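Tertiary structure, described
In case you want the letters, here they are:
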Amino acid sequence: MKALVWKDIYVLTRQMRIFLLLLVVFAVMPGYSMTTFATVYAAMMPFTAIAYDERSKWDSLAAMMPYSVKQIVTSKYVLGYGFVAGAALISAIAKVFVRGGLILSLTSLCVGLLIMALVLPLVFRFGVEKGRMAFVLIVVVVAVGGASLATGVASAVSGTSALQLTWWLAMAAIVSNIGSIWLSVRFYSRRMA
Amino acid sequence: MNAIELSHVNKAFGDFSIQDLSLTVPEGTICGLIGENGAGKSTTIRLLMHALRADSGNLSVLGIDVNAPEFLAVKQDVGVVLDEAYFPEVMDAVQVGKIMASTYTRWDAAQYAGFLDRFQLPRKKQFKDYSRGMTMKLAIAVALSHAPRLLVLDEATAGLDTIVRNEILELFRDFVSQPNHSILISSHILSDLEKLCDYIAFLHQGKLVVSEEKDRLLERYGLFSGTAEQFAALRAEAVAGVEHLAYGGVRALVRRAAAPAALSLEKPTIEDIILFLVKGEKAA
């Protein structure tokens, strides 16, 4: 799986240099919605990597190599986790002196993970082209909801409700990602049927 | 041991199907898989690498059933070259080497570097700037640099010029000269396969029409050239395929065993045999 993640990192860093720089800029910018935007943007990276795979027909070659379906699928999740966690970490460091900055970064991290959990099975099932509309819809709904949530967290940061909210969001992100990987593996396996 | 064994394999997709395909490639040999576009060559290769699931039948590679969990480890022993390289076009040869080092447990970086030098492949140039010949050479360098015992080549020489093709065929000969090394190669270029292969398998519309040792195949048939009257004297079972020429001439592929011993027959090429067999099937 290490090879598959590195392959995507090579491709994304070559193709997406400016976008990756923008991701860092969004993460460090003040404002709560910007942090969420940065993690949502980071959550798009596996989608982009799959699009490049489809363009080069990498999947045809990968199917011949000693990679299992589970490795191929989970490598995209691992890639996404890395980017989303990276964006959240940069944001947390940038907002270290802002009250509630850490909780805000955690909330944004969860939103990014939720987006990945919802989008990736659809992309593995329908491919990048067909999955694009669903992807845009999910990103808009979750990002708008996430930004509102982040603003809510910011305003509630003095109370315990912010922590509780983040806790539930984290649980939702973990459970949805477990289910999402399970579903994506099954959808990807169908391509070989 | 057989390097590849397919037994009564079936796979249907809409209007195309692989039907009752049985094929054996003994270890230490080269088998050429021949067939027109859409005959099922690439599908067969995908089935035997378990990139596609068969509807029925048994498939094994290097003695392991492709459906068994252990087959993933067998893929370490198989070098695959497809009709394109299929590496992401922004990557370069060095990055591919690093990825393959994490993919194959027996990756030999020195051997890979040796192939890059031998093929004069630039290390830092992105694939999108490679010519087709360079791309295919890189795919072959990858396939040969992890100590495979079996090479599976799907149109790996298509679109290459004669000089590059000969260079690559020479590499394949070197590979199979080592103990227990085998190759399954599909190609449209029958003259290449005739030079290279020990066995010929001919797929036509998803069915295996011929699967035989090349030399025996060449011995079994002869080419008849003569008049319509001379042709009419041949027994029907001796004729495998016929072509009527202008001015009453006839060319036919003849089964030597069923033809008169005195009949003068030319030695056919594999291409002659395949073309006549397809014609014979269409006429039937």
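Here's what I pulled together on the structure shown here.

How each quantity is defined
- Within each chain, residues carry numbers counting from 1 in the order of the written sequence.
- Key to labels: chains lettered from A, ligands numbered from 1, both in the order written.
- Given that this is a predicted model, residues contribute local features only at a pLDDT of at least 70 and side-chain atom pairs are listed and counted only at 80 or more, while totals for whole chains, interfaces and linings are drawn from all residues.
- With hydrogens and water excluded, all non-hydrogen atoms of the structure serve as input to the side-chain values.
- Think of it this way: DSSP has to see at least two bridges between two strands before they count as a pair.
- Helix and strand labels come from DSSP, where a helix needs a run of H or I of at least four residues and a strand needs a run of E of at least two; each type is numbered from the N terminus.
- We define a salt bridge as a contact between a side-chain nitrogen of Lys or Arg and a carboxyl oxygen of Asp or Glu at a distance within 4 Å.
- Only protein chains enter the accessibility calculation, which uses a 1.4 Å probe; a residue is then buried when its area is under 20% of its type maximum, exposed when over 50%, and partly exposed in between.
- Excluding any residue in a salt bridge, patches collect residues exceeding 30% relative accessible area, merging like charges within 9 Å and nonpolar Val, Leu, Ile, Met, Phe, Trp and Tyr side chains within 5 Å.
- Only the protein chains shown count as cover for residues, and the accessible areas themselves come from Shrake-Rupley with a 1.4 Å probe.
- Orientation is described by lines fitted to C-alpha atoms, with helices fitted over the stretch in contact, and by angles between N-to-C directions that extend from 0 to 180 degrees.
- A contact between two residues is defined here by any heavy atoms of the two lying within 4.5 Å.
- In what follows, roughly perpendicular refers to angles from 65 to 115 degrees, roughly parallel to angles under 35, roughly antiparallel to angles over 145, and oblique to any angle outside these ranges.
- Crossing handedness is read from the near helix: turned anticlockwise from the far helix by less than a right angle, it gives a left-handed crossing, and turned clockwise, a right-handed one.
- Amino acid classes used here: Ala, Val, Leu, Ile, Met, Phe, Trp, Tyr, Cys and Pro are nonpolar; Asp, Glu, Lys and Arg are charged; the rest, including Gly, are polar.

Turning to the pairing of strand β4 (residues 56-61) of chain B, a few remarks are in order. Residue and element names in this part refer to chain B. Looking at chain direction, strand β1 (residues 2-13) and β4 are connected through five bridges and run antiparallel. Along β4, the bridge assignment pairs Ser-7 with Asn-58. Adjacent in sequence and paired antiparallel, β4 and strand β5 (residues 64-65) are bridged by two residues, among which Leu-62 carries a positive phi angle near 50°.

Going through the model one piece at a time under the given rule, you end up with 19 salt bridges over all chains. For Arg-55 of chain A, the salt bridge goes to Glu-89 of chain B, with nearest N and O atoms at 3.0 Å. Residue Arg-55 of chain A is found in helix α4 (residues 45-56), and its partner Glu-89 of chain B is found in the loop between β6 (78-81) and α3 (93-103); the two belong to separate chains. Taking the relative accessible area as the measure of exposure, Arg-55 of chain A reaches 53% and is therefore exposed. Among the ionic pairs, Arg-191 of chain A bridges to Asp-59 of chain A, the shortest N-O distance being 3.1 Å. Taken together, the residues Arg-191 of chain A in the segment after α8 (161-190) and Asp-59 of chain A in helix α5 (residues 58-62) connect sequence positions 132 residues apart. A single network of salt bridges, built from pairs that share partners, joins Lys-7, Asp-8, Asp-53 and Lys-76 of chain A.

A surface patch of nonpolar side chains, amounting to about 540 Å² of accessible area, comprises Ile-18, Phe-19, Leu-21, Leu-22, Val-25 and Met-29 of chain A. Its place among the elements puts Val-25 of chain A in helix α2 (residues 17-28).

Moving on: the sheet that holds strand β12 (residues 239-244) of chain B. Residue and element names in this part refer to chain B. The strand order across the open sheet built from three strands is β11-β13-β12, with neighbouring strands paired in antiparallel fashion. This sheet does not close on itself; its edge strands, each paired only once, are β11 (221-227) and β12. Between one strand axis and the next, the sheet turns by 20° as a mean value, whatever way the strands run. Alignment of β11 against strand β13 (residues 249-255), held across seven bridges, turns out to be antiparallel. Residue Gly-222 lies in a different strand from β13, and its bridge partner there is Val-254.

The subject of this paragraph is the sheet that holds β4 of chain B. Residues and elements named next belong to chain B. Read from one edge to the other, the open sheet built from four strands follows the order β2-β1-β4-β5, with strand pairing classed as antiparallel. Each end of this open sheet is capped by a strand with a single partner; those strands are β2 (16-26) and β5. Packing against the sheet, helix α1 (residues 41-48) makes contact with β1, β2 and β4, and its axis sits at approximately 115° to β1.

For any two helices packed against each other, the geometry comes down to the angle between their axes and how far apart the axes lie. Residue and element names in this part refer to chain A. Between helix α1 (residues 2-15) and helix α6 (residues 69-94), the least distance of the axes is 9 Å, while the angle of their chain directions is 50°. On the basis of their axis angle, the class for α1 and α6 is oblique. Judged by the sense of rotation from one axis to the other, the crossing of α1 with α6 is right-handed. Two secondary-structure elements touch here, α1 through Leu-4, Val-5, Lys-7, Asp-8, Ile-9 and Leu-12 and α6 through Gln-71, Ile-72, Ser-75, Lys-76, Val-78, Leu-79 and Phe-83. A per-class count over the contact of α1 with α6 returns eight nonpolar, two polar and three charged.

None of the figures reported here should be taken as evidence of function without further support.
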